[in-house]
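Here is what each chain is made of, one letter per residue.
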Amino acid sequence: MTPKHEKQEFVTVLVRDPRIQKEDSWHSYIDYEIFIHTNSICFTRKTSCVRRRYREFVWLRQRLQSNAVLIQLPELPSRTPFFNMNNPNHVDHRRQGLQEFLEKILQDALLLSDSRLHLFLQTQLSPEDMEACVSGQTKYTVADAILSFASLNRRFPIEDEEEKKGKDDADSDSESSSSGLGPSDDSISCGCKASPASEES
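These figures come from a predicted structure and were not determined experimentally.

**Notes on the pattern of salt bridges**
- Inspection of every chain in the model, using the stated rule, returns 13 salt bridges.
- Close ionic contact of Glu 33 with Arg 16 constitutes a salt bridge, the shortest N to O distance being 2.4 Å. Of this pair, Glu 33 sits in strand S2 (residues 28-38) while Arg 16 sits in strand S1 (residues 11-22), and the two are 17 residues apart along the sequence. Just as Glu 33 is buried, Arg 16 falls in that class too.
- A salt bridge links Glu 23 to Arg 55, with the nearest nitrogen and oxygen atoms 3.7 Å apart. You can see Glu 23 sitting in the loop between S1 and S2 and its partner Arg 55 sitting in helix H1 (residues 54-67), a full 32 residues away along the chain.
- Under the relative-accessibility criterion, Glu 23 is labelled partly exposed at 40%.

**What to know about the packing of aromatic side chains**
- Enumeration over the complete set of coordinates arrives at 1 aromatic pair.
- Each ring, one from Phe 57 and one from Phe 120, has its centre 5.1 Å from the other, and the planes form 80 degrees; the classification is edge-to-face. Of this pair, Phe 57 sits in helix H1 while Phe 120 is found in helix H4 (residues 115-122), placing the two residues 63 residues apart along the sequence.
- On the basis of relative accessibility, which here comes to 0%, the residue Phe 57 falls in the buried class.
- Above the face of the Tyr 54 ring, Arg 94 is positioned so that its terminal group lies 4.0 Å from the ring centre.
- A cation sits over an aromatic face here: Arg 94 above Phe 83, 3.9 Å from the ring centre.

**Some remarks on the nonpolar core**
- Counting residues in hydrophobic clusters, the biggest one holds 36 residues, and the most contacted among them are Ile 34, Leu 102 and Leu 121.
- Secondary-structure elements contributing two or more residues to this core are S1, S2, H1, helix H2 (88-105), helix H3 (109-112), H4, helix H5 (127-134) and helix H6 (142-151).

Conventions we followed
- Residues numbered from 1 in each chain as written.
- Predicted model: local features only at pLDDT ≥ 70, side-chain atom pairs only at ≥ 80, totals over all residues.
- Heavy atoms only, no water.
- Salt bridge = Lys/Arg side-chain N within 4 Å of Asp/Glu carboxyl O.
- Helix = DSSP H or I, 4+ residues; strand = E, 2+ residues; numbered from the N terminus.
- Buried < 20%, exposed > 50% of the residue type's maximum accessible area, 1.4 Å probe, protein only.
- Phe/Tyr/Trp six-rings, centres within 6.5 Å; stacked < 30°, edge-to-face > 60°.
- Lys NZ or Arg CZ within 6 Å of the ring centre and 35° of its normal.
- Core = buried A, V, L, I, M, F, W, Y, C linked by side-chain atoms within 4.5 Å.

The quantities given are spatial measurements derived from coordinates; they are silent on function.
In structure tokens, the structure reads:
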């Protein structure tokens, strides 16, 4: 029998807030905020916010493709020599392409099982550290890395409301959404603001 009020799983991803970062006195790059809001049991944290740059997306796509050779991965927005980080149209076009890439990736159950994807979306580990973690060369597990990142960051106001609501629902017929990878306390952020629109699936 299925519960009367079965919750439909959703994953909302937003790529937003592009910022120019100085790498050194001669080089700059743009990074983007990746905001995740979900009730999926695939995720250790239900809300997260990290910043990633284009070349980290390139790394992620290469790693996912090498682990899922039979799947045709979506393309990233193309790297062009004419890209101008001071041109808002160029930056927004790339941002939209990165968001579409993640939206498609997050719809595939096989890709969702890749630990690199979760580390990419829910920690600030570098690609080298993500590889080391996934291959067991670190003292921490994937879940530890995600939970540790969460503990270093403040809570979203929206999560406090959801946690209270969840406790009220627990008195009736609620289901656990814990992934089994850590405590079900769903707090994480990097100082990002949750927007009301982010709750839509």
